[in-house]
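Secondary and tertiary structure notes
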Amino acid sequence: MSFLQRFWQIIGYLYFCTYEHLANYVPKFVIKTIGFLFFYPYRFLLNYSPPERLRIAFERLGPAYLKVGQLLSTRVDILPAEYIKELEKLQDRVPPEPLEEILESCQYLKEQIAEFERTPIGSGSIAQVHRARLRDGREVAVKILRPNAEEVVKQDIKILRKTVKFLSKCIPFFREFRIPRIVEELEKILIGELDLTTEAAYMELFRKFSNKEPSLYVPEVIWELSKNNVLVIEFINGKKLNEIDDLPEERRKKLARDFVRIVSRTIFELGVFHGDLHPGNVFLLENGKIAFIDFGIVGRLSPDTLSAFFAFSIGVMNKDPDLIVNALRKIGAITKDINVSLLKREILIFLDKYYNRPLSQIDAEKLFYEELSVARKFKIILPEELVILMKTIA
C-alpha cells in the first residue's frame, strides 16, 4: 500500500472516530457529505458507539496502531473511562508469521539452535516469541521482530504525526490535551520497541539488581546470539500469576509482600520500573522467587520526575493540595490557563472521599481512575512514564 493510500485509510478511520467532535464546529450536512464522498468505506463505524469505533479503528489499522491503542489505554488523564475500558480490550495477539519467513532475517540462529518450536508461545503486533533449545542443551526463548515491522511502524507513525498536527488546527480537543506531544511520547516508545538490544540492556540492569533483591529473578540474556531484531534469553519455567489459585493463603500474602517490595525498590532505587506487569509477564518459580519477563515497555524516571512523584505522594498522604499542585507544576503538567484555586478545591474533595477509609476498603484501581479523571477535567497532561508508573502501582 502506497503512502497516500495508507494516509487516506487512516484519515478515513479517524474521521468517523472524531465525527461528533467535528459536528460541533462544522455544519452537520457538510460532515455527512464529506463522509459519504471521500470516506464511504468507513461509514460502518457509525453503527458503533464512539469508544467502540476507536477500538475497531486501532484493530483494523494494523500493528502500529494496535500498539498505540494499548498505550492510550493507560492515558486516563486524556480519555474518559468508557474509552479506556474499551481500549483495554485490545489484545496484542495477531496471527503469527510462518517460521521460515521469520527466520530469514536471522539465518545465523540455525547453526546455534538444535530445536525450534514452530508454534510461537507469543505472537504480538511487532514481534513473536518461539521456544527453542540451543546445541549446548540450554532452553531459550527467542524473540524476533516481524518482517518489515520497522518500516510499517515508522511509516504509520509519520502519518499519525501529520494527521494529528492537521486535526490540532481544526479541533480544540487536540490542542487542549496537547495530543501532538502525546504522539511524540508514543513514537519514542514504539521506536524503542523496534530495537531489541534496548530491551536486553534493561533486562541486564534488572538482573544485576536482582543480586540485591533475593525474591526477584530475571532471565539471562544470551548476548552472543542477540541483535537489534533478535533477542535470545533463558526460558522461564514457572507458573503465571493467574495460575496460582491453589496457593495457600499465607504463601499468597508473602508473594504479595515480595511483589510490592520488588516494584517499590526498582522505582525508588533504580528510578526504572517494568511498565507492563500484567499476570502473563510475572512468574512464580519453584524456589519461591518472582520472575519478570518481557521488558519491551520500561519506564525511566528522571530525577525531577521522581522528586515530583515523591512530593505528590507526600501531598496525598498529608492532604496537602499546595504540595500536590507544586509537584504537578514542577513536571510541566499545569498550564497558565488552569484555575489553580479551583483545582485545589477539587483535589480536597477527592481526598475527602478516601482519606478516612480503612485501607482494606480502598480499591486502588478505582482510585487511580478517579484521580486521573480530575486531571482530565482540568486538562492536566502527565508525562507518559508517570501515567505508566501510577497504573503499575494501582
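Use the structure listed above.
Computed from a prediction, not measured in an experiment: that's the story for all the values here.

1. Quick look at the overall build of the chain
When helices and strands are tallied, the chain shows 18 helices and 11 strands. Taking 394 residues into account, the globule formula puts the C-alpha radius of gyration at 21 Å, and the chain, at 23 Å, falls close to it. Taken along the three principal axes of its C-alpha coordinates, the chain extends 70 × 55 × 40 Å. The 394 residues of the chain split such that 48% are buried. Looking at the chain alone, contacts between residues at least 24 apart form 65% of all its contacts between residues at least 6 apart. As displayed, the chain offers around 20000 Å² of accessible surface, 55% of which is attributable to carbon and sulfur atoms.

2. Here's the deal with the environment of leucine 37
Mapping leucine 37 onto the fold places it in helix α3 (residues 28–38). Its relative accessible area of 57% is what places leucine 37 among the exposed residues. Leucine 37 sits 270 residues away from serine 307 along the chain, and the two C-alpha atoms are 53 Å apart.

3. Examining empty space enclosed by the protein
A full pass over the atoms with the stated rule returns one cavity of 30 Å³ or more. Roughly 240 Å³ of volume is contained in the largest cavity. Of all the secondary structure elements, the ones that give two or more residues to the lining of the largest cavity are α14 (303–317), α15 (321–330), α16 (340–355), α17 (364–377) and α18 (384–393). Its residues assigned to classes, the lining of the largest cavity comprises 19 nonpolar, no polar and one charged.

4. What to know about the layout of surface pockets
Approximately 550 Å³ is the volume found for the second largest pocket. Here the lining of the second largest pocket gets five residues from one element, more than from any other, and that element is helix α4 (residues 50–61).

5. Here's the deal with the sheet that holds strand β5 (residues 216–217)
If you walk across this open sheet you meet the four strands as β5-β10-β9-β7, and the pairing is mixed. Unpaired on one side and paired on the other, β5 and β7 (239–240) mark the two borders of the sheet. Where β5 meets strand β10 (residues 290–292), two bridges bridge the pair, whose relative direction is parallel. What sits directly across from leucine 216, in β10, is isoleucine 290.

6. Section: α15
Of all the positions in α15, only Pro321, Ile324, Val325, Ala327 and Leu328 are classed as buried. Relative to the axis of α15, the buried residues are bounded by an arc of 160 degrees and lie together on one face. On its buried side, α15 packs onto α14 and α16. One side-chain oxygen at the N-terminal end of α15 lies 3.1 Å from the backbone nitrogen of aspartate 322; it belongs to aspartate 320. Following α15 by one or two positions, glycine 332 has its phi on the positive side, about 75 degrees.

7. A look at the nonpolar core
Counting residues in each nonpolar core, the largest one holds 108 residues, and the members touching the most others are Leu343, Ile380 and Leu382. Sequence-distant contacts of leucine 382, that is, excluding residues within four places in its chain, are made with Arg75, Asp77, Arg181, Leu328, Ile331, Ala333, Leu372, Val387 and Met390. Among the nonpolar cores identified, the runner-up in size contains 16 residues, and Ile113, Ile222, Val230 and Val232 belong to it.

8. Points about the pattern of salt bridges
Throughout the structure, instances matching the rule amount to 25 salt bridges. Salt-bridge contacts for aspartate 258 lead to lysine 254; the nearest nitrogen and oxygen are separated by 2.8 Å. Remark: lysine 254 and aspartate 258 occur in helix α13 (residues 249–270); sequence separation between them is four residues, near one turn of the helix. Judged by its relative accessible area of 6%, aspartate 258 is buried. Through salt bridges with shared partners, a single ionic network connects Glu213, Lys254, Asp258, Arg261, Arg265 and Glu269.

What counts as what
- Residues numbered from 1 in each chain as written.
- Predicted model: local features only at pLDDT ≥ 70, side-chain atom pairs only at ≥ 80, totals over all residues.
- Heavy atoms only, no water.
- Helix = DSSP H or I, 4+ residues; strand = E, 2+ residues; numbered from the N terminus.
- Rg over C-alpha atoms; globule rule 2.2 N^0.38 Å.
- Buried < 20%, exposed > 50% of the residue type's maximum accessible area, 1.4 Å probe, protein only.
- Contact = heavy atoms within 4.5 Å.
- Areas by Shrake-Rupley, 256 points an atom, 1.4 Å probe, with all protein chains shown as cover.
- 1 Å grid on protein atoms, 1.4 Å probe; cavity = no way out; pocket = protein on both sides within 12 Å on 5 of 7 lines; lining within 4 Å.
- Points joined across faces, edges and corners; volume = space filled by probe spheres on them.
- Nonpolar A, V, L, I, M, F, W, Y, C, P; charged D, E, K, R; others polar.
- Pairing = 2+ DSSP bridges.
- Arc of directions from axis to C-beta.
- Polar contact = N/O pair within 3.5 Å; in protein donor to acceptor, adjacent residues only side chain to side chain.
- Core = buried A, V, L, I, M, F, W, Y, C linked by side-chain atoms within 4.5 Å.
- Salt bridge = Lys/Arg side-chain N within 4 Å of Asp/Glu carboxyl O.

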